[in-house]
Amino acid sequence: MHDSLAALFSKAIAKPPPGVRDQGLDAARQWWAEASKASVKSLSIKVMYMGHAMAGKTSMMLRQRYARAAVLPTEPDRTIGLEIALISMSDDGAKAILYDTAGQPEYFPFHKLFITKGALIVIFFDLSRDLDVCRDAVIGQLQIVAANTPHAVVMIVGSLSDKVEGDVKAKLGAVTDVVEDWRANQRAVHLKGDDASG
């Protein structure tokens, strides 16, 4: 998994950070000038795991931290609030900062405090659950993300596929269709909002 995070990380730092871009062209030029002198280095990527309880967020984080030596959690080991882990990805200081959020609904309002521009948001859902539960779980998490950071980079992960009764690909396809419909609707809402503002 470290290799795929490293590839994502290299793409994420290929342009000035959003805060610099928001300041305009002069700030971006200054950032590139400093970066070319190697005086500015941002060698970290924030990865935030979201989703309902027992969907595999903590298991993924533990696997990324400890590889095969990870002891996978059981229900009593659930995340309370938020857990943060740092993974070194290379000898030059590149790192991934993993945010593992609690999956109980009472914690969902607090997730928005940690969702930031430039982060990779990974939404987990339990494929072994009923299709309607899967759809609702994914859309609910997407709504939390969109309310705070509308243009966030989001990856959706269906977990526990080994426990699915029936066709896993069909279930993934049905959830994917719902996500695509949701995205199209969000895009239409943003376009209407842009037209209304002038």
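The structure this text deals with has already been given above.
So, here's what we can say about the structure. (Residues numbered from 1 in each chain as written. Predicted model: local features only at pLDDT ≥ 70, side-chain atom pairs only at ≥ 80, totals over all residues. Heavy atoms only, no water.)

**A short note on the packing of aromatic side chains**
Rule in force here: Ring pairs shown here join Phe, Tyr and Trp side chains whose ring centres sit within 6.5 Å, with only the six-membered ring taken for Trp; geometry is labelled stacked below 30 degrees between planes, edge-to-face above 60, and tilted in between. Starting at the N terminus, helices and strands are each numbered in turn, a helix being any DSSP run of H or I of at least four residues and a strand any DSSP run of E of at least two. Type-normalised accessible area, obtained with a 1.4 Å probe on protein chains alone, sets the label of each residue: buried when under 20%, exposed when over 50%, and partly exposed for intermediate values. Only lysine NZ and arginine CZ atoms are considered, and such an atom sits over a ring when it is within 6 Å of the ring centre and within 35 degrees of the ring normal.
If you walk through the whole model with that rule in mind, you get 2 aromatic pairs. Ring geometry for Tyr99 and Phe114: centres 6.3 Å apart, planes at 45 degrees, overall tilted. You can see Tyr99 sitting in strand S3 (residues 95–101) and its partner Phe114 sitting in the loop between helix H5 (108–111) and strand S4 (120–126), a full 15 residues away along the chain. Look at Tyr99 and you get buried, because its relative accessible area is 15%. Residue classification places Phe114 among the partly exposed residues on the basis of a relative accessible area of 28%. Of note, Lys46 hangs over the ring of Tyr99, and the distance from its end group to the ring centre comes to 4.5 Å.

**Focus on the pattern of salt bridges**
Applicable threshold: Each reported salt bridge corresponds to a side-chain nitrogen of Lys or Arg within 4 Å of a carboxyl oxygen of Asp or Glu.
Counted by the stated rule, this structure contains 4 salt bridges. Across the pair Asp22 and Lys117 runs a salt bridge, and its minimum N-O distance is 3.4 Å. Placement of Asp22 in helix H2 (residues 18–22) and of Lys117 in the loop between H5 and S4 is noted, with a sequence separation of 95 residues between them. According to the relative accessible area criterion, Lys117 is exposed, its value standing at 55%. Across the pair Arg135 and Asp132 runs a salt bridge whose closest N-O atoms are separated by 3.3 Å.

**Overview of the sheet that holds S3**
Within a sheet, each strand pairs with its neighbour through backbone hydrogen bonds, oriented either parallel or antiparallel. Operational definition: By definition, two strands form a pair when at least two bridges between them are found by DSSP. Convention adopted: a line fitted to C-alpha atoms gives each axis, helices being fitted over their contacting stretch, and angles between N-to-C directions are expressed from 0 to 180 degrees. Only heavy atoms enter the contact rule, under which two residues are in contact if any of them lie within 4.5 Å.
The sheet built from 5 strands is open, its strands ordered S2-S3-S1-S4-S5 with mixed pairing. Both edges of this open sheet fall to strand S2 (82–88) and strand S5 (153–159), since each of them pairs with a single strand only. Between one strand axis and the next, the sheet turns through 20 degrees on average, direction left out of account. The pairing of strand S1 (residues 44–51) with S4 spans 5 bridges and is parallel. The residue of S4 that forms the bridge with Tyr49 is Val122. Sitting on the sheet, helix H6 (residues 131–148) is in contact with S1, S4 and S5, with an inclination near 160 degrees to S4.

**Quick look at the layout of surface pockets**
The following threshold applies: Lining residues are those with an atom within 4 Å of a point, where the points come from a 1 Å grid over the protein atoms alone and group into cavities, where a 1.4 Å probe fits but cannot get out, or pockets, open sets with protein on both sides within 12 Å along at least five of seven lines. Grid points are joined across faces, edges and corners, and a volume is the space filled by probe spheres set on the points. In this count, Pro and Cys sit with the nonpolar residues alongside Ala, Val, Leu, Ile, Met, Phe, Trp and Tyr, while Asp, Glu, Lys and Arg are called charged and the others, Gly among them, polar.
The space that makes up the second largest pocket amounts to roughly 420 Å³. Along the wall of the second largest pocket there are 17 residues; nearest its centre are Pro150, Ala152, Val154, Trp182 and Arg183. Going through the elements one at a time, H6, S5 and helix H7 (168–197) are the ones with two or more residues in the lining of the second largest pocket. No other element matches the 7 residues that H7 contributes to the lining of the second largest pocket. Here the residues of the lining of the second largest pocket sort into 10 nonpolar, 4 polar and 3 charged.

**Examining the side chain of Asp100**
This is how the line gets drawn: Neither His nor the chain ends contribute to the count of charged residues, in which Lys and Arg are positive and Asp and Glu negative. Under the rule applied, a polar contact is a pair of N or O atoms within 3.5 Å (in protein, one hydrogen donor and one hydrogen acceptor; residues adjacent in sequence only if both atoms are side-chain atoms).
Turning to its location among the elements, Asp100 is positioned in strand S3. Salt bridges are absent for the buried Asp100, whose nearest opposite-charge side chain, Lys57, sits at 5.2 Å. Side-chain polar atoms of Asp100 contact the side chain of Thr58, separated by 2.5 Å. In contact with Asp100, not counting residues within four places along its chain, are Tyr49, Lys57, Thr58, Met61, Thr79, Gly81, Leu82 and Glu83.

**Description of the pairing of S3**
By the criterion of burial, S3 is predominantly enclosed, with 5 of the 7 residues buried. With 6 bridges joining them, S1 and S3 adopt parallel strand pairing. Across the sheet, the residue bridging to Ile45 is Ala96, located in S3. Two elements, S2 and S3, share 7 bridges in a ladder whose sense is antiparallel. Paired with Ile84 across the two strands is Tyr99, which belongs to S3. What sits between S2 and S3 in their antiparallel hairpin is a turn of 6 residues, with Gly93 showing a positive phi close to 100 degrees.

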